[in-house]
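Each chain, written out:
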Amino acid sequence: AALALDGGDKIVRPVSLASLASLASSLTEPHPRADSPPKCLRLPGGVQCIRPPGGNPGFATAISGLMTNSLLLRPDRLAALRQTALLDTPPEEGFDRLTRMAARLLGAPTSLIALVTDERQFFKSAIGLPEPWASRRSAPLSFSFCSTVAGTGEPLIVEDARRHPLLRHSQALRELGWVAYAGVPLTSAEGHVLGSFCVVDRMPRLWSERDIALLQDLAASVVTEIELRREIARRLQAELGHRENEE
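In what follows, the accompanying structure is described.

Rules behind the numbers
Residues numbered from 1 in each chain as written. Predicted model: local features only at pLDDT ≥ 70, side-chain atom pairs only at ≥ 80, totals over all residues. Heavy atoms only, no water. Helix = DSSP H or I, 4+ residues; strand = E, 2+ residues; numbered from the N terminus. Contact = heavy atoms within 4.5 Å. Areas by Shrake-Rupley, 256 points an atom, 1.4 Å probe, with all protein chains shown as cover. Pairing = 2+ DSSP bridges. Buried < 20%, exposed > 50% of the residue type's maximum accessible area, 1.4 Å probe, protein only. Salt bridge = Lys/Arg side-chain N within 4 Å of Asp/Glu carboxyl O.

Tallying secondary structure elements over the protein gives 8 helices and 10 strands in all. Once local pairs closer than 6 in sequence are excluded, the contacts in the protein between residues at least 24 apart make up 60%. For the protein, the exposed surface amounts to about 12,100 Å²; the carbon and sulfur share of it is 54%.

Take the pairing of strand 6 (residues 120-127) next. Inspection of the sheet shows strand 5 (residues 110-116) paired to strand 6 by 6 bridges, in the antiparallel sense. The residue bridging Val116 from the neighbouring strand is Gln121, located in strand 6. Hairpin geometry of strand 5 and strand 6 is characterised by an intervening segment of 3 residues between the two adjacent antiparallel strands.

On to the pairing of strand 10 (residues 193-201), then. Judged by how many residues are buried, strand 10 sits mostly within the fold: 9 of 9 residues are covered. Relative to strand 10, strand 5 runs antiparallel, the two sharing 6 bridges. Paired with Ser111 across the two strands is Val199, which belongs to strand 10. Taken together, the 8 bridges between strand 9 (residues 180-187) and strand 10 define a ladder with antiparallel strand orientation. Within strand 10, the position partnered with Tyr181 by the bridge is Val200. Connecting strand 9 to the next strand, strand 10, in antiparallel fashion are 5 residues, including Gly191 with a positive phi near 95°.

All chains considered together, the criterion is met by 13 salt bridges. Among the ionic pairs, Lys124 bridges to Glu92, the shortest N-O distance being 2.8 Å. In this pair, Lys124 sits in strand 6 while Glu92 sits in the loop between helix 3 (75-83) and helix 4 (93-106), placing the two residues 32 residues apart along the sequence. Taking the relative accessible area as the measure of exposure, Lys124 reaches 1% and is therefore buried. Residue Glu92 is classed as partly exposed on the basis of its relative accessible area, which comes to 25%. A salt bridge links Arg234 to Glu231; the shortest N-O distance between them is 2.6 Å. You can see Arg234 and its partner Glu231 sitting in helix 8 (residues 209-246), 3 residues apart, about one turn around the helix. Each member of the salt-bridge network shares a partner with another, and the members are Glu92, Lys124, Glu225 and Arg229.

Before going further, it helps to examine unusual backbone geometry. Along the chain, Glu131 connects to Pro132 via a cis peptide bond; the corresponding omega equals 5°. Positioned with a positive phi, Asp88 is a non-glycine residue whose angle comes to about 65°. Relative to the helices and strands, Asp88 resides in the loop between helix 3 and helix 4. Unlike most non-glycine residues, Arg137 shows phi in positive territory, near 55°. Locating Arg137 in the fold gives a position in the loop between helix 5 (133-136) and strand 7 (138-140). Residue classification places Arg137 among the buried residues on the basis of a relative accessible area of 16%.

Shown next as C-alpha cells:
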C-alpha cells in the first residue's frame, strides 16, 4: 500500500489511488509542460523530486512511494540495459575515474555506478564498497537505494535514511551503514533509465545544490562512456553477423 505523510514527519495511514491522484493534481500547474522542472517533496530524512505529468512516465508511482517498479519492469528499459553489454563485465578505468572524482569532489566515502535490472543491481564501478560486495560487484534490490532512482527516473536525495519513510527499512542501511545518499539517473539517449550514479555517506548529511550539480555533470560523462561501449558492441555484433552470412 502507498504511504502518506500527515501532520509533519509521521506516516499515519495508507492512501487510496484517488487520494494519490488528488495529491498529484495539487503538485502541478494547471497546464504543465513536458519540460517542466521536477517538483520536490521534502520527506523525513530527504527530498524526492517528481516530474509533472507529460514528462516522466513514473510520475504517478513516484508519489505513491519511493520504491516503485514503474520503470524497473519496462521491457524496453531492460532491453536497452542488455544492449549496453556492460552487465557482469570487469572494471574499466573510464568508469572508475568518474567514481573516484565523485567521491573526492563531494567528500563521500562511497561512490557507485549501478546498473539496475529487474532483479539486482550490478556495480560497473564501486569506490569504498565493503566486502563481500566489492568482490561480488552485485547486490539484490533489497540493498538498493539506486533502484528507487531507476524506478522513478528522478534524483533521490536522502539526508538521513534512518528517518526516511521507506528507506529506513533497507538492508543497505542495516548491513552497509548507508545513511546519506545522493543519486541521479543514468539516462540513455533514447530516454531509458539504466541505473544510478551516486555517492553515499555513513553519517547524516545535507547535500547542497552544488553537490547535486556536480553529480549530474559526472553522470552525463558516465552516460557518454556507456553509449560509446554500446556502439562498439553494436558494431561488433553487426560485423559478426556479416561474417556469418558470408560463410
